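Okay, here's what each chain looks like letter by letter:
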Amino acid sequence: MDTGCKGYEARNGSYWKNIVVVKMKFELPKLPYDYNALEPYIDEQTMRIHHGKHHQAYADKFNTALEGHDDVKNKSAEEIIQNLNTVPETIRTAVRNFGGGYINHNFFWPVMKNDNQQPDGEIAEAIAKKFGNFEKFKETFSNSAASLFGSGWTWLVFNGEYLEILNLPNQDSPLTIGKTPLLAIDVWEHAYYLKYQNRRADYINAFMNIINWQQVEKLYKNTQ
Ligand SMILES: [Fe+2]
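Residues numbered from 1 in each chain as written. Predicted model: local features only at pLDDT ≥ 70, side-chain atom pairs only at ≥ 80, totals over all residues.

Considerations on the overall build of the protein chain
Scanning the protein chain from N- to C-terminus turns up nine helices and three strands. Reading the protein chain from its N terminus to its C terminus gives the helix and strand order α-α-α-α-α-α-β-β-β-α-α-α. Taking all 224 residues of the protein chain together, the buried fraction comes to 30%. Contacts spanning at least 24 positions in sequence make up 65% of the contacts within the protein chain whose residues lie at least 6 apart. (Helix = DSSP H or I, 4+ residues; strand = E, 2+ residues; numbered from the N terminus. Buried ≥ 20, exposed ≤ 12 C-beta atoms within 10 Å, placed from the backbone. Contact = placed C-beta atoms within 7 Å.)

Written out as structure tokens, the structure reads:
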């Protein structure tokens, strides 16, 4: 996954010995569509604030947390979150929250597309195998998202053997517990409150219309 972070790799050879390693900051990725592209399911203003303010803030605070920690910074954001237990304790909570928020939103934008897609191919087979059929999957995923207490995300993951739906609090990532994310819905209030207020169930129903199943299938195929 492109984290938007570019840098220069350090080499061990003598020629490279004195080159200063420059690691730029983790940057906010561009949305893969216009801010109004998910209307009427997710409104333009929500998308502008969610991406431009919330996601930007996660990126900024993640970068701040990593200042002075070049050893950590020189990994991809996903690798950092995957190996959270190796992050120095002094910054681990900040990295978990802000780094998690950064990569979760990086992941989130491309799994949505206003294209009225249905799952197809291998992911459709895996869904049928685990949940019986697509309608059952939608019901289980929606109920899980509706029941998440407080702020967090509902995930469809591959656990190495089969698909699973799980709720994780705050900005925790399935990567930290060794699972590969395939789909996610952000159920923080900032993701839906402007349009749906307290009607989280309506937001979840709307989200079901804008899942980019091609992207989910691509992520699933990468695990096989
Ligand atoms: Fe969010």
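Brief notes about the nonpolar core
Inside soluble globular proteins, nonpolar side chains tend to come together where they are buried. Phe62, Tyr102, Leu182 and Val216 are the most contacted members of the largest nonpolar core, which totals 49 residues. A domain-level breakdown of this core finds at least three residues from each of domain 1 (14-35 + 42-111) and domain 2 (121-223). (Core = buried A, V, L, I, M, F, W, Y, C linked by C-beta atoms within 7 Å. Domains from an automatic or database assignment.)

A short note on the environment of Leu38
Counting through the fold element by element, Leu38 comes out in the segment before helix H1 (44-66). Those residues in contact with Leu38 that lie beyond four places of it in its chain are Met47, Met112, Asn114 and Ile210.

A short note on unusual backbone geometry
Cis geometry marks the peptide bond from Glu39 to Pro40; its omega dihedral reads 0°. Following the sequence through the fold, Pro40 ends up in the segment before H1. Positive phi values are uncommon outside glycine, yet Asn170 reaches one of about 55°. Note on Asn170: 14 C-beta atoms within 10 Å, which makes it partly exposed.

Examining the packing of helix H6 (residues 134-147) against helix H8 (residues 200-207)
Close contact between H6 and H8 brings their axes to 10 Å; oriented N to C, the two are set at 145°. Considering only the axes of H6 and H8, their crossing is right-handed. From H6, Ser142, Ala145 and Ala146 reach across to H8, where they touch Arg200, Ala201 and Ile204. Across the contact of H6 with H8, the residue classes tally to four nonpolar, one polar and one charged. (Axes fitted to C-alpha atoms, helices over the stretch in contact; angles between N-to-C directions. Left-handed = near helix turned anticlockwise from the far one by under 90°. Nonpolar A, V, L, I, M, F, W, Y, C, P; charged D, E, K, R; others polar.)

A look at the environment of Thr154
Mapped onto the fold, Thr154 is located in strand S1 (residues 152-158). Separated by eleven residues in sequence, Thr154 and Asn143 have C-alpha atoms that sit 9.8 Å apart. Non-local contacts of Thr154, meaning those with residues more than four positions away in its chain, are made with Phe141, Ser144, Ala145, Leu148, Ile165, Asn167, Ala184, Ile185 and Val187.

Some details on helix H5 (residues 121-131)
The set of residues buried in H5 consists of Ile123, Ala126 and Ile127. Viewed along the axis of H5, the buried residues span an arc of 100°, placing them on a single side of the element. Pointing more than 90 degrees away from the buried face of H5 are the exposed residues Gly121, Glu122, Glu125 and Lys129. Elements that come into contact with the buried residues of H5 comprise H6, strand S2 (163-169) and helix H9 (213-223). Directly after H5, the chain includes Gly132, whose backbone phi takes a positive value near 100°. (Arc of directions from axis to C-beta.)

Some points on the sheet that holds strand S3 (residues 180-186)
Overall, antiparallel pairing links the three strands, which are arranged S2-S1-S3 in an open sheet. Only two strands of the sheet have a single partner each, and these edge strands are S2 and S3. The mean inter-strand angle of the sheet, taken between neighbouring strand axes irrespective of direction, is 25°. As paired elements, S1 and S2 share seven bridges and run antiparallel to each other. (Pairing = 2+ DSSP bridges.)

Regarding H1
Taking 1.5 Å of rise per residue, the 23 residues of H1 would be expected to cover 33 Å, and the 32 Å separating its terminal C-alpha atoms lies within 8% of that figure. Its axis deflected by about 30° at His50, H1 carries its strongest bend there. What H1 keeps buried is the set Thr46, Met47, His50, His55, Tyr58, Ala59, Phe62, Ala65 and Leu66. On its buried face, H1 sits against helix H2 (70-73), helix H4 (89-108) and helix H7 (193-196). Positive phi shows up at Gly68, right after H1, with a value of about 85°. (Expected span 1.5 Å × (residues − 1). Bend = angle between axes of the 7 residues up to and from the residue.)

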